Amino acid sequence: MTKKTLCYLLLGMMCCAGATFAQQEVVMSIREGMPIIPMAIPEFLSQESSPESQQAAATLRDVISADLKYSRIFSPLPQSYYGYIQRELDPDNIFFKEWESIQAKLLIVGQLLKSEGENILFEGKLYDVKSERFIFGKRYQSSKDLLRTVAHRFCDEVMKIYGEPTLFTTKIVFVSNRDGNDELYMMDYDGYNQERLTYNQIQDYMPAWSADRQGIAYTAYEDGKAKLYLLYPFQARRKLIWDKGTSFGTNFSPDGKWMAFCSTEDESNSEIYMATGEGENVQRLTFNKAIDTAPSWSPTSRELAFTSDRSGSPQIYIMDREGSNVRRRSFGGTYHDGPAWSPTGDRLVYVSRVEAVFDLYVLNLRTDQIIKLTEGYARNESPAWSPEGRHLVFSSNRVTGTIQLYAIDYDGQNLRQLTSKGENKLGDWSRQ
Amino acid sequence: MKKILILTLACLLVLSFTISCKKKVEQTPPPPQAKEQPKVERVEEPPPPKPELTEEEIFERKTLEEINAEKPLQMIHFDFDKFFIRDDAKATLESNASWMKKWGSVKILIEGHCDEKGTEEYNLALGEKRAKNTFDYLVSLGISVDRLKIISYGKSQPIDSGHNEISWERNRRAQFTILEK
């Protein structure tokens, strides 16, 4: 056989293979993540019998329970199961067989060791039920008004053991007009502890957390300009990054080295720019007559998803960090915007407009499958991922008619409303 | 005879009295009408002549807020998802330009706005394009570049909070703020 015939043969085989693939039916099966781990969280014990101490112990347990349930990794067993356990829990001599009998794989034992005045001392321990082994334990001393934070911290430790990024102590920064004009606020992941960050008479817009959660980039409408600032909320200082044209839409790379943002510096056309994580050395990435906007970093910090209307309508594209290798990733619609690249790397969420309705869609970058995440006659937009990529925060005018922030899971489960005062939008979930 | 004379006189007297009485009632003059009364014209001293303010002086005396409140520059509107200047907007911009030529020292900010039917980020870019096209049209009408600044608010500042075609049409706009005079 000559080389030429071999080539033709190979070519023929490839064509055949291509044809077979094309005819194959696509079977969708949902195999996401790992099996959910059932765990028992019996009532937390309190050394003191005062109602306040009992209440504090109950609060800690409720928050820990809710956090771990939200993780989508653990599943606290229903309250009714605990009825099968006959004897009272003795933290020093746990009878693990009983907990195994109700299918618990993990056991959390919580104790409020001290509760004096405003201070508490809480101890949380995690056990593996089957091997009857102590996994880890932590003691927390804090004031009573930080009970939720104590519970969140303990749950983050549990997550760490399972190789997960912290989730429960993360913060969501957002824009609210509850005090008159658009200002920056932040809150816990579950909507608690909403606090105001900026105090001024101007409009503050499109906040984004830096990778280390020390800084927030945002647009301030100041002196007839839309300037990009980097605010350090815990150090009470801010610095100007860019004041040429209207500058907005920042996103920090997960490795903390870079930030991407939009500016209309050149001929009032929005283009994508990049700077260091501290906002230095600004350089331009896109060069064309179309609108380029909404950059979002890949988890590798090597690529960027963004919106461009270079094809005539806004669509989602991906490019390398250097601005090269641009390829289109959204098809079949006339208006796509606001891409957010999941920290797990395999999903891209974006907004699609049909008539006057916006819905969120998740594109699986490996399989090109698209899942519609939100339903309802509303404008669902501005999605941002949680650090482990199982949850999203977004804004919507559903139900109430006013714009509020909601959280939803990557598969459409666990929709919950996070805000209700004034109008709240443009949420960004911190990476830690 | 004398008796008859007295009687006749008495009758006459009574008669004349009655007649005179009747006449009196009839002769009561109607109440004088106001317009028949002579008017006394009060001759006032002419007010001290106000110093004639020229338009320029009036303009000079107003604060920026007052001028902006009068809205001497009309806003223009755009088509859905578009940023070209419509024909009806051209006439508005021409009158805006002639106002700006009249007040040659005025500097303005052109704000581009969008309706809620666009997403936050794309709207900011679109609003900027609307402001820029407005800017370009004013420049083509002879307004100097250094008198014009532009900014985009996207959909963050609607003037009509409704959720229908009329509201959306009103919110897709370029509006003008006077920065300096």
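Notes on the structure follow. In this text the structure is predicted, and so the values were computed from the model without any measurement.

**Here we look at helix H5 (residues 120–140) of chain B**
All names here are of chain B. The terminal C-alpha atoms of H5, which comprises 21 residues, lie 30 Å apart, in line with the 30 Å expected from a rise of 1.5 Å per residue. For H5, a buried count of 17 out of 21 residues is recorded, marking the element as mostly surrounded by other parts of the structure. Two residues or fewer past H5, Gly-142 is found with a positive phi of approximately 100 degrees.

**Some details on the environment of Gly245(A)**
Residues and elements named next belong to chain A. When you line up the elements, Gly-245 lands in the loop between strand S13 (237–242) and strand S14 (247–252). Along the primary structure Gly-245 and Lys-227 are separated by 18 residues, whereas in three dimensions their C-alpha atoms are 7.9 Å apart. Not counting chain neighbours up to four residues away, the residues in contact with Gly-245 comprise Ala-226, Thr-264 and Glu-265.

**Structural notes on the packing of aromatic side chains**
Residue and element names in this part refer to chain A. Considering all chains together, one arrives at 22 aromatic pairs over all chains under this definition. Seen from their ring centres, Phe-174 and Tyr-185 are 5.9 Å apart, and the 25 degrees between their planes marks the pair as stacked. With Phe-174 in strand S7 (residues 171–176) and Tyr-185 in strand S8 (residues 183–188), the pair connects residues that are 11 residues apart, well separated along the chain. Like Tyr-185, Phe-174 is buried. Here the aromatic cluster, defined as three or more aromatic residues joined through ring pairs, consists of Phe-44, Phe-122, Phe-136 and Phe-154. Its guanidinium or amino end placed over the ring of Tyr-185, Arg-178 lies 4.8 Å from that ring's centre, counting from NZ or CZ. Between Lys-244 and the ring centre of Trp-242, over which it is positioned, the NZ or CZ distance is 4.1 Å.

**Observations concerning the interface of chain B and chain A**
Of the residues lining the interface, 26 residues belong to chain B; the matching set on chain A comes to 32 residues. Surface buried jointly by chain B and chain A totals about 2600 Å² across both partners, of which 54% is contributed by carbon and sulfur atoms. It is Glu120(B), Glu121(B) and Tyr122(B) in chain B that bury the most area against chain A; as a group they hold 28% of the surface buried on that side. Summed over the shared surface of chain B and chain A, the number is 4 salt bridges. In this structure, Glu116(B) and Arg379(A) form a salt bridge, with 3.0 Å as the shortest nitrogen-oxygen distance. Run the count over chain B and chain A and you get 18 residue pairs in polar contact (both at pLDDT 80 or more). Elements with a minimum of two residues in the side of chain B that touches chain A: H5 and strand S3 (148–154) of chain B.

**Quick word on helix H2 (residues 51–70) of chain A**
Here H2(A) contains 20 residues, and its C-alpha end-to-end distance of 28 Å stays within 8% of the 28 Å for a straight helix at 1.5 Å per residue. Within the sequence span of H2(A), burial applies to Ser53(A), Ala56(A), Ala57(A), Leu60(A), Arg61(A), Val63(A), Ile64(A), Ser65(A), Asp67(A), Leu68(A) and Tyr70(A).

**Topic: the nonpolar core**
Grouped together as the largest cluster of nonpolar side chains are 55 residues, with contacts concentrated most on Ile64(A), Leu68(A), Phe74(A), Trp99(A), Leu107(A), Ile108(A) and Phe122(A). Viewed by domain, this core spans two of them, domain 1 (37–161) and domain 2 (171–429) of chain A, each represented by three or more residues. Discounting residues that sit within four places of it in the chain, Phe74(A) has contacts with Ile36(A), Ile37(A), Met39(A), Leu68(A), Lys69(A), Leu106(A), Val158(A), Met159(A) and Tyr162(A). Counting residues in hydrophobic clusters, the runner-up holds 25 residues, among them Leu93(B), Ala131(B), Tyr137(B) and Leu138(B).

**Here we look at the pairing of strand S23 (residues 347–354) of chain A**
All names here are of chain A. The element S23 is largely enclosed, with a buried count of 7 among its 8 residues. Counting the residues that bridge the hairpin from strand S22 (residues 336–341) to S23 gives 5 residues, and of these Gly-345 lies at a positive phi of roughly 90 degrees. Relative to strand S24 (residues 357–364), S23 is paired through 8 bridges, and the arrangement is antiparallel. Each bridged residue has a counterpart across the sheet, and for Val-349 the counterpart in S24 is Val-362. Counting the residues between successive antiparallel strands, the hairpin from S23 to S24 contains 2 residues, one of them, Glu-355, with a positive phi of roughly 55 degrees.

Scoring rules and cut-offs
- Residues numbered from 1 in each chain as written.
- Chains lettered and ligands numbered in written order.
- Predicted model: local features only at pLDDT ≥ 70, side-chain atom pairs only at ≥ 80, totals over all residues.
- Heavy atoms only, no water.
- Helix = DSSP H or I, 4+ residues; strand = E, 2+ residues; numbered from the N terminus.
- Expected span 1.5 Å × (residues − 1).
- Buried < 20%, exposed > 50% of the residue type's maximum accessible area, 1.4 Å probe, protein only.
- Contact = heavy atoms within 4.5 Å.
- Phe/Tyr/Trp six-rings, centres within 6.5 Å; stacked < 30°, edge-to-face > 60°.
- Lys NZ or Arg CZ within 6 Å of the ring centre and 35° of its normal.
- Buried area = accessible area lost by both parts, 1.4 Å probe.
- Salt bridge = Lys/Arg side-chain N within 4 Å of Asp/Glu carboxyl O.
- Polar contact = N/O pair within 3.5 Å; in protein donor to acceptor, adjacent residues only side chain to side chain.
- Core = buried A, V, L, I, M, F, W, Y, C linked by side-chain atoms within 4.5 Å.
- Domains from an automatic or database assignment.
- Pairing = 2+ DSSP bridges.

None of the figures reported here should be taken as evidence of function without further support.
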